[in-house]
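# Report on the structure
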Amino acid sequence: VNDKGLLRSQENLNDVIQWLMPYFACNRVTIISMNCSTPESIDMALQQLTDESIALLKKFNVHIGCYANAQHYIPDRWTLQTSDAGIVRSVMTPQFYYDKFVKKWLTQYPFIGMIGGCCLMLPAHIKYIVDHVETD
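Presented here is a report on the structure given in the accompanying data block. (Residues numbered from 1 in each chain as written. Predicted model: local features only at pLDDT ≥ 70, side-chain atom pairs only at ≥ 80, totals over all residues. Heavy atoms only, no water.)

Attention shifts here to the overall build of the protein chain. Scanning the protein chain from N- to C-terminus turns up five helices and three strands. Secondary structure elements in the protein chain, listed N-terminal to C-terminal, are α-β-α-α-β-α-β-α. In the protein chain, of all internal contacts separated by at least 6 residues, the share reaching a separation of at least 24 is 78%. Accessible area of the protein chain: about 7900 Å², with a carbon and sulfur share of 57%. (Helix = DSSP H or I, 4+ residues; strand = E, 2+ residues; numbered from the N terminus. Contact = heavy atoms within 4.5 Å. Areas by Shrake-Rupley, 256 points an atom, 1.4 Å probe, with all protein chains shown as cover.)

Pasting the structure below:
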């Protein structure tokens, strides 16, 4: 998702949930994941969910996955052919990612089904999540 919490094609997560609803009913979709986006962008997408969308997720037992990256913002026109490896944000330590984003997502959004990391998130980030999610 982009820095406005929208898909790169400019739709929001509510639109995706509506489009996928027929697949929820026949159990072909059980999770929708946001991947390779800044944690701030994923956070914004989650905040934009309507009560109607949340009710549909609950009704069909569909979860949301959050796999943020540790890069600076990725432009909308980003492609594999035009990018470099990206620059890691020095602030995106395992503790920062967990305390500022993961903990909030798990506390505020009961439909979160997977948490992980993408580009430049390291095994240390995942280990920190695993070590702390059980005790918080």
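Moving on, there is more to tell.
Here we come to the packing of helix α1 (residues 13-25) against helix α3 (residues 51-59). It is the contact of α1 with α3, at a shortest axis distance of 10 Å, that shows an interaxial angle of 40°. The angle between α1 and α3 falls in the class oblique. Between α1 and α3 lies a crossing of left-handed hand. Of the residues in α3, those touching α1 at Asn14, Ile17, Gln18 and Met21 are Glu52, Ser53, Leu56 and Leu57. (Axes fitted to C-alpha atoms, helices over the stretch in contact; angles between N-to-C directions. Parallel < 35°, antiparallel > 145°, perpendicular 65-115°, else oblique. Left-handed = near helix turned anticlockwise from the far one by under 90°.)

You can see Ile126 is positioned in helix α5 (residues 123-133). For the pair Ile126 and Gly116, spaced ten residues apart in sequence, the C-alpha separation works out to 6.4 Å. Contact partners of Ile126, with chain neighbours within four places excluded, come to Gly116 and Gly117.

Under the counting rule described, the total for this entry stands at four salt bridges. Lys104 serves as the salt-bridge partner of Asp43, at 2.8 Å between the closest nitrogen and oxygen. In this pair, Asp43 sits in helix α2 (residues 39-47) while Lys104 sits in helix α4 (residues 94-108), placing the two residues 61 residues apart along the sequence. Taking relative accessible area as the criterion, Asp43 reaches 8% and is therefore assigned buried. What makes Lys104 partly exposed here is its relative accessible area of 25%. We note a salt bridge from Lys103 to Asp136, for which the minimum N-O separation is 3.8 Å. (Salt bridge = Lys/Arg side-chain N within 4 Å of Asp/Glu carboxyl O. Buried < 20%, exposed > 50% of the residue type's maximum accessible area, 1.4 Å probe, protein only.)

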